[in-house]
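So the chains spell out like this:
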Amino acid sequence: MPGDERLPRMPATLDEEIIGAEERGVVSTLTDGARIARIRQELKMGFKALGHVGPAASFFGSARTPPDHPEYRLARETARIVGEAGMAIITGGGPGAMEAANQGARDAGALSIGLNIELPFEQGLNPYCDIGLEFHYFFTRKIMFVRYASGFVAFPGGFGTLDETFEALTLIQTGKVRHFPVVLVGTAYWAGLIDWIKDRLAGDGKIAPADLDLICVTDDPLEVRDQLMSAAHRQARASVRTAS
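Source: prediction; values computed, not measured.

K.L.:
Whenever I open this one, the overall build of the protein confuses me. Can you help?
P.N.:
Looking only at helices and strands, the protein features eight helices and seven strands. The proportion of buried residues among the 244 residues of the protein is 45%. Across the protein, every contact between residues at least 6 apart in sequence was considered, and the portion connecting residues at least 24 apart equals 67%. Here the protein has roughly 12,700 Å² of accessible surface; of this, 55% comes from carbon and sulfur atoms.

K.L.:
Is there a simple way to think about the layout of surface pockets in this case?
P.N.:
Of the pockets and cavities examined, the largest pocket occupies roughly 560 Å³. Lining the largest pocket are 22 residues, and of these A63, M98, L119, Q123 and G160 lie nearest its centre. Of all the secondary structure elements, the ones that give two or more residues to the lining of the largest pocket are α5 (138-147) and α6 (159-173). Sorting elements by how many residues they give to the lining of the largest pocket places α6 first, with five residues. By residue class, the composition of the lining of the largest pocket is nine nonpolar, eight polar and five charged.

K.L.:
Even after reading the chapter, I still don't get the nonpolar core, so can you show me in this structure?
P.N.:
For soluble globular proteins, the rule of thumb is that nonpolar side chains tend to be buried together. Ranked by size, the top nonpolar core spans 33 residues in total, and within it L50, I90, I113, L115, F152, F180 and L184 carry the most contacts. Looking at this core element by element, the count peaks at five residues for helix α7 (residues 187-202). Discounting residues that sit within four places of it in the chain, I90 has contacts with A56, A57, S58, F59, I113, L115, F145, Y148 and A149. Core analysis: the second largest hydrophobic core is formed by 20 residues, A79, M87, A105 and C216 among them.

K.L.:
What am I meant to see in helix α8 (residues 221-229) here?
P.N.:
Residues separated by three or four positions in an α-helix point in the same direction, a consequence of the helix having 3.6 residues per turn. Taken residue by residue, α8 has P221, V224 and L228 as its buried positions. Seen end-on, α8 carries its buried residues on one side only, within an arc spanning 55°. Those residues of α8 hidden inside the fold are in contact with β1 (56-60), α3 (70-84), β5 (152-154), β6 (182-185) and β7 (215-218). For α8, the N-terminal cap is D220; the gap from its side-chain oxygen to the backbone nitrogen of L222 is 2.9 Å.

K.L.:
Would you explain the packing of aromatic side chains in this entry?
P.N.:
Each aromatic ring pair is described using two quantities: the centre-to-centre distance and the angle formed by the ring planes. Applying the stated rule across the entire model yields six aromatic pairs. Ring geometry for F60 and F152: centres 4.8 Å apart, planes at 75°, overall edge-to-face. One end of the pair, F60, is in strand β1; the other, F152, is in strand β5, with 92 residues separating them in the sequence. For F152, a relative accessible area of 3% translates into the label buried. Aromatic ring contacts, followed pair by pair, group F60, F145, F152 and F180 into a single cluster. The lysine or arginine in question, R147, covers the ring of F47, its NZ or CZ lying 4.2 Å from the ring centre.

Definitions and cut-offs
- Residues numbered from 1 in each chain as written.
- Predicted model: local features only at pLDDT ≥ 70, side-chain atom pairs only at ≥ 80, totals over all residues.
- Heavy atoms only, no water.
- Helix = DSSP H or I, 4+ residues; strand = E, 2+ residues; numbered from the N terminus.
- Buried < 20%, exposed > 50% of the residue type's maximum accessible area, 1.4 Å probe, protein only.
- Contact = heavy atoms within 4.5 Å.
- Areas by Shrake-Rupley, 256 points an atom, 1.4 Å probe, with all protein chains shown as cover.
- 1 Å grid on protein atoms, 1.4 Å probe; cavity = no way out; pocket = protein on both sides within 12 Å on 5 of 7 lines; lining within 4 Å.
- Points joined across faces, edges and corners; volume = space filled by probe spheres on them.
- Nonpolar A, V, L, I, M, F, W, Y, C, P; charged D, E, K, R; others polar.
- Core = buried A, V, L, I, M, F, W, Y, C linked by side-chain atoms within 4.5 Å.
- Arc of directions from axis to C-beta.
- Polar contact = N/O pair within 3.5 Å; in protein donor to acceptor, adjacent residues only side chain to side chain.
- Phe/Tyr/Trp six-rings, centres within 6.5 Å; stacked < 30°, edge-to-face > 60°.
- Lys NZ or Arg CZ within 6 Å of the ring centre and 35° of its normal.

Here is the structure:
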């Protein structure tokens, strides 16, 4: 009957559908074969659309940053400077800091890429994306952020920004990617987190002291550019093969 909480609910997204597939409270709408086919198609879409992208940087930050906020202006200015240095800008394609970075890429005449994610609430691509892709799965989207970029730039944000930043750090620490700068923009915002990493993670031996060197924290767009350009030898190259 309508509103009966005992009945299984329809998943709001395909991420929920696949993660909650074994839960009694979530309706399973796909077979495993269909899920694999969707994942394959999503990866193929990303590889095909982004295979030509050269040097690029992935920018992250809060979708809730308003256009009149100093963080928005800083993200736009930083992306412009990075774009003028010859790098494409990749974001999550949404509003806030992501929109600011895509707008900065447009200001510079650089390639502006947005990788949007299906969410229960409408987000939608911002209007400053030259290439805009829609993803159902967070994990396929994350592959694109790393595969086609030479570094991460994280502006103040929430759980999503932290997730993407720490994923990059984990990939570097474990040797999955190399010479991949991770730059946190906003010294005041990130100060507490950096202190906790130093005092607890490094202090308690959970990470090596050298792991602290994987993170650069700055307020200077020019330093962001210089950090990213230091990884020029790892910049993405155009794919030599097209996915079939």
